[in-house]
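This is what each chain is made of:
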Amino acid sequence: MDLDELYKEVVLDHCRRPRNFGEMPDADVHVHGDNPSCGDEITLHVKFGANRDLGEVMFTGNGCSLCMASASMMTQKIKNKPRANAESLWTSLHDMLTAREEPKELDDKLGDLQVLIGVRKFPMRVKCATLPWQALKQALEEKNSA
Ligand code: ZN
């Protein structure tokens, strides 16, 4: 299966059945993010564990299929993981989508997120894919200063 087909399959699957989608009233932080150029709007709900590592992570909101799929994959990858893992995942994803040269090798730890590489050809859509991650970054920073 080529990456385009895989992209469609993975994105559609997460879009139809978003993982970790729902409210979390007792979350430690709620971060709202929006992307007016597309109309994406999501809120990330995060509980932190010991050492400010990530605990439960949920999201709510409305966005295009790319935004919803990226958020869904992100929550699967980061929940109950050390914050350093989440930060390095974000760096890898950001590099994959925005580095001037298309990366020759993809970072294994990205897993399913690798299918998003096709998005780098469409700068407007990069924002859709990174919106949930911007919210995550903000959530980690908020907790940092608390
Ligand atoms: Zn979008």
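Please refer to the structure placed before this passage.
Thresholds applied
- Residues numbered from 1 in each chain as written.
- Predicted model: local features only at pLDDT ≥ 70, side-chain atom pairs only at ≥ 80, totals over all residues.
- Heavy atoms only, no water.
- Helix = DSSP H or I, 4+ residues; strand = E, 2+ residues; numbered from the N terminus.
- Buried < 20%, exposed > 50% of the residue type's maximum accessible area, 1.4 Å probe, protein only.
- Contact = heavy atoms within 4.5 Å.
- Areas by Shrake-Rupley, 256 points an atom, 1.4 Å probe, with all protein chains shown as cover.
- Lys, Arg positive; Asp, Glu negative; His and termini not counted.
- Charge placed at Lys NZ, Arg CZ, Asp CG, Glu CD.
- Pairing = 2+ DSSP bridges.
- Donors = N, O, S within 2.8 Å, 3.2 Å for Na, K, Ca; no water.

A. A look at the overall build of the protein. The helix and strand inventory of the protein stands at four helices and three strands. Helices (α) and strands (β) of the protein occur, in sequence order from the N terminus, as α-β-β-β-α-α-α. Dimensions of the protein, computed from C-alpha atoms along their principal axes, come out at roughly 40 × 30 × 25 Å. Residues classed as buried in the protein amount to 43% of the 146 residues present. In the protein, of all internal contacts separated by at least 6 residues, the share reaching a separation of at least 24 is 56%. When the accessible surface of the protein is totalled, it reaches about 7800 Å², and 48% of it is carbon and sulfur. Positive and negative side-chain charges of the protein, numbering 19 and 23 respectively, have mean locations separated by a distance of 1 Å.

B. Representation of the pairing of strand 3 (residues 54-62). In this sheet, strand 3 lies alongside strand 2 (residues 40-48) in antiparallel orientation, the contact comprising seven bridges. By the bridge assignment for strand 3, Thr43 is matched with Thr60. Hairpin connection of strand 2 to strand 3: five residues between the antiparallel strands, including Asn51 at a positive phi of 55°.

C. Spotlight on the coordination of the zinc ion. The protein atoms that coordinate the zinc ion are Cys38 (SG), Asp40 (OD), Asp40 (OD), Cys64 (SG) and Cys128 (SG), at distances of 2.2 to 2.6 Å. Along the chain, the residues that donate to the zinc ion are spaced as C-x1-D-x23-C-x63-C. Of this pair, Asp40 sits in strand 2 while Cys64 sits in the loop between strand 3 and helix 2 (65-78), and the two are 24 residues apart along the sequence. The pair Asp40 / Cys64 is uniform in exposure class, with both members buried.

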